[in-house]
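# Coordinate analysis (summary)
Take a look at the letters that make up each chain.
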Amino acid sequence: MSQSDTHAEHGDTVLGALRPEARVEPESGIISIFNYGRDREGLIPLWVGQGDMPTPKFIYDTTVQSLAAGETFYTYQRGIPEVRQALADYHEGLYRRPFDVENLFVTASGMQAMQIAIQAIAGAGDEVVLSSPAWTNYPAPLRLAGVRPREVPMTFSNGRWNLDLDRFFGAVNERTRAIFVNTPSNPLGTVMSADEMLAIRDFCRERGIWLVADEVYSRFYFGPGSSEGALPPSFLDICDPEERFLAVNTFSKNWAMTGWRVGWLMAPKSMGQVIENLIQYNTSGVAQFMQRACVTALQEGDHFIAQQVAQAREGRDIVCQALRTVPGVQFEEPEGAFYLFFSVDGSGDTEQFARRMVDEIAVGVAPGTAFGPGGEGFMRLCFARSADSLREAVGRMTEWLPSQSR
Ligand SMILES: Cc1ncc(COP(=O)(O)O)c(C=O)c1O
């Protein structure tokens, strides 16, 4: 027997001994295409959810100073007091009501805020209801925790996405622990109406289940009043901080800090010790020197957010105007976040289609199937990039796509 056969056999035994949930969970469809084409020369990367601006100096300088000052020790599990206070002030400024530091917890990314939310409220045999297409990183961590995600497909007709609330609520049963909602939506760019939000909040209250809200893109809003600074409707406006309500958020998008891996969770005060424990047993907290930059971002980062949102707004206009002219291409114009979710008639297998886009025109998009049922035939493109690179990308696409549409 050759050495590689022995390795393969050992590999089988090792994999066979894993928890089934961990063994069978597929690779993220976003990361898969990213890995396929990340080193291609001249490729315009529109596949992952981030812009092309690095974290600004005025934000990271605070981290450099903190490191130089020797802030390299273990720190508060719930977040340093300065960030929690800055988070409360930040929310107060946006939502025009008081927020309490005791409801705010710093986590190692929005993704980890989601993990902590899941660990706190659901486990093996439970179910969570969410709409689909949705960000891949909801159903996957749920399944890993033994929780069954009940994905209710939205429908796309006449150029609009629609969530049938009766069908959505109909997916809730005695095993359901929570409803997860993401607005503005990744990948759809849709924004939930205030009426839909009220209906969901009331339904959760009636059924005594948790409402978990992800509004990480709330600053990236292009709807009514947004040019004057209006925010999209928010669960933070209608939920009581002490009810069964959790909100996940992140520093990643607003302040171009995707690589930092810092986020936050808003939760009832009475959960404080439980969340502290979950943080302790997961990551034992976020580095103090990184949290220093988060304080600066929250306190002084508004002009930078405005710059990014303006860029995204221009990016949205560029990609929508260009792709609207391509026969066979359909989409709903995004009202929020920074993604265009578009379909191409006859595109066939979306993963293969995304790979062909890499190979033939060097444009990286994420396949719609990465976002669950309802994503077939669609692609997600991130438009949080410079106008020049987006013009180049859609130029290549508008030439190539018509020959692909059958
Ligand atoms: C809808 C949504 N929620 C949460 C996150 C979490 O971001 P991070 O883990 O970078 O903090 C993302 C990132 O893409 C997202 O798209």
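Quick caveat: nothing in here was measured; it's all calculated off a predicted structure.

About the thresholds
- Residues numbered from 1 in each chain as written.
- Predicted model: local features only at pLDDT ≥ 70, side-chain atom pairs only at ≥ 80, totals over all residues.
- Helix = DSSP H or I, 4+ residues; strand = E, 2+ residues; numbered from the N terminus.
- Buried ≥ 20, exposed ≤ 12 C-beta atoms within 10 Å, placed from the backbone.
- Contact = placed C-beta atoms within 7 Å.
- Near = placed C-beta within 6 Å.
- Nonpolar A, V, L, I, M, F, W, Y, C, P; charged D, E, K, R; others polar.
- Core = buried A, V, L, I, M, F, W, Y, C linked by C-beta atoms within 7 Å.
- Domains from an automatic or database assignment.
- Expected span 1.5 Å × (residues − 1).
- Arc of directions from axis to C-beta.
- Pairing = 2+ DSSP bridges.
- Axes fitted to C-alpha atoms, helices over the stretch in contact; angles between N-to-C directions.
- Parallel < 35°, antiparallel > 145°, perpendicular 65-115°, else oblique.
- Left-handed = near helix turned anticlockwise from the far one by under 90°.

### Let's talk about the overall build of the chain
A tally of regular secondary structure across the chain gives 14 helices and 15 strands. Seen through its C-alpha atoms, the chain measures out along the principal axes to roughly 65 × 60 × 55 Å. Taken across its 406 residues, the chain has 44% of its residues classed as buried. Long-range pairs, those at least 24 residues apart, make up 74% of the contacts in the chain with a sequence separation of at least 6.

### A look at the site of the ligand
Residues in close proximity to the ligand total 13 residues, the closest being S109, G110, M111, T250 and S252. Classifying every residue of the shell around the ligand gives 3 nonpolar, 9 polar and 1 charged.

### Considerations on the nonpolar core
The biggest cluster of nonpolar side chains holds 110 residues, and the ones touching the most others in it are L211, L246, L265 and L381. Among the elements that take part in this core, helix α11 (residues 288-300) stands out by supplying 6 residues, more than any other. When residues of this core are assigned to domains, at least three fall in each of domain 1 (19-54 + 304-400) and domain 2 (57-300).

### Observations regarding the domain arrangement of the chain
When the parts come together, some accessible area is lost, and that loss is often what is quoted as the size of the interface. Along its sequence, the chain is organised into domain 1 (19-54 + 304-400) and domain 2 (57-300). At the interface, 36 residues of domain 1 touch 35 residues of domain 2. Contributing elements (two or more residues each) for the side of domain 1 that touches domain 2: α2 (20-24), α3 (29-37), α12 (302-324) and β12 (339-344). Looking at which element gives the most residues to the side of domain 1 that touches domain 2, the answer is α12, with 7 residues.

### A word on the environment of F180
Relative to the helices and strands, F180 resides in strand β7 (residues 176-182). Placed 145 residues apart in sequence, F180 and N35 show a C-alpha to C-alpha distance of 29 Å. What F180 contacts, discounting residues up to four positions off in sequence, is V128, L130, Y138 and V212.

### Looking at unusual backbone geometry
In terms of backbone geometry, most residues other than glycine have negative phi values and most peptide bonds are trans. Going from S132 to P133, the amide bond is cis rather than trans, its omega being 5°. Mapped onto the elements, P133 comes out in the loop between β3 (127-132) and α7 (139-144). That bond from N186 to P187 is cis: its omega, 25°, falls within 30 degrees of zero. When you line up the elements, P187 lands in the loop between β7 and α9 (194-207). Within the chain, S109 stands out as a residue other than glycine whose phi angle is a positive 105°. Along the chain, S109 falls in the loop between β2 (104-107) and α6 (110-121). Phi at A256 is positive, roughly 50°, even though this residue is not glycine.

### Focus: α9
Here α9 contains 14 residues, and its C-alpha end-to-end distance of 20 Å stays within 8% of the 20 Å for a straight helix at 1.5 Å per residue. All buried positions along α9 are accounted for by M197, I200, R201 and C204. In a view along the axis of α9, the buried residues occupy a sector of 100°, so they form one face of it. Exposed and facing more than 90 degrees away from the buried side of α9 are D195, D202 and E206. Buried positions along α9 lie against β7 and β8 (210-214). Two residues or fewer after α9 comes G208, characterised by a positive phi angle close to 65°.

### Concerning the sheet that holds strand β4 (residues 148-153)
The 7 strands are arranged β2-β10-β9-β8-β7-β3-β4 in an open sheet whose pairing can be described as mixed. At either margin of the open sheet sits one strand with a lone partner, and together these are β2 and β4. Averaged over all adjacent pairs, the angle separating strand axes in this sheet is 25°, with direction ignored. Two strands pair when backbone bridges link them, and β2 and strand β10 (residues 263-266) are joined in this way by 4 bridges, in the antiparallel orientation. Across the sheet, F105 pairs through a bridge with L265, a residue of β10.

### Some points on the packing of α6 against helix α10 (residues 272-282)
Describing two packed helices takes the angle between their axes plus the distance from one axis to the other. In the contact formed by α6 and α10, the axes pass within 10 Å of each other and the chain directions differ by 120°. Regarding the angle of α6 to α10, the classification is oblique. Crossing of α6 against α10: the hand is right-handed. From α6, Q112, Q115, I116, Q119 and A120 reach across to α10, where they touch V274, I275, L278, I279 and N282. A class-by-class count of the residues in the contact of α6 with α10 yields 6 nonpolar, 4 polar and no charged.

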